[in-house]
Amino acid sequence: MPHGKYSIAELETGRVSIHNVGVRHHYMAPRDEFRLIIECGGKSFTPRHSDMLADYVLKCECRPELRLALSEACDALCNGAGPSELFAVKKLPLHFSEISQASWSYQTTSFQAGGLPTDIFLCALQGQIRVFDLNDPALKAPEAFRKSFLDVQQGQPVSVAAQRLLPQVMAGKRYFDRLERA
């Protein structure tokens, strides 16, 4: 994939794209680094590894009766299903809550993607898995995301469940390259 931005989903509510930024620094891994960019509501987000899990928690807290449908949709996405067909089949609402000052929560930076429209959330989750797979093929991103979602569903905090998605320090090193695990 050459350097630049590539749109993977353009919806009425926003756009999800992957940006190939190239090799970030000559001390880092000699392969390109990819980032996910979400454009929604006039804002642009570059979500971190925990933002998709945090938005899942936010949606489940807003509408507990849809927890099972959303969990099954996230699990199917991790197994390779398409987000547009899941949105229709699971009959998920476009927004899980009314957007107002009273319902605004998770305003801290670690939850910057909280409250995304459902179609953007599903496309962004698929894009995030793809970005992790491009940046670190050894991680086996679909399986790692699926295990993280299972941990969050079982009640683990997002920060603990997302630990397996963080770069790991190689044995015997005092530093780590954020793109290298082994």
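In what follows, the accompanying structure is described. (Residues numbered from 1 in each chain as written. Predicted model: local features only at pLDDT ≥ 70, side-chain atom pairs only at ≥ 80, totals over all residues. Heavy atoms only, no water.)

**Structural notes on the state of the cysteines**
Then step 1. On inspection of all chains with the given rule, the structure shows zero disulfides.
Then step 2. Cysteine Cys74 remains unbridged, with the sulfur of Cys78 as its closest cysteine sulfur at 6.9 Å. (Disulfide = S-S within 2.5 Å.)

**Digging into the environment of Asp55**
Then step 1. For Asp55, the location among the structural elements is in helix H1 (residues 51–62).
Then step 2. On the basis of relative accessible area, Asp55 is assigned to the buried category, the value being 0%.
Then step 3. When the C-alpha positions of Asp55 and Gly115 are compared, they lie 6.2 Å apart, and in sequence the two are 60 residues distant. (Helix = DSSP H or I, 4+ residues; strand = E, 2+ residues; numbered from the N terminus. Buried < 20%, exposed > 50% of the residue type's maximum accessible area, 1.4 Å probe, protein only.)

**Regarding the environment of Asn135**
Then step 1. For Asn135, the location among the structural elements is in helix H4 (residues 118–135).
Then step 2. Each C-alpha atom of the pair Asn135 and Phe34 lies 6.2 Å from the other, and the pair is 101 residues apart in sequence.
Then step 3. Looking at Asn135, its side chain comes within polar contact range of the main-chain nitrogen of Phe34, at 2.7 Å. (Polar contact = N/O pair within 3.5 Å; in protein donor to acceptor, adjacent residues only side chain to side chain.)

Function-wise, these values are silent; they only describe arrangement.
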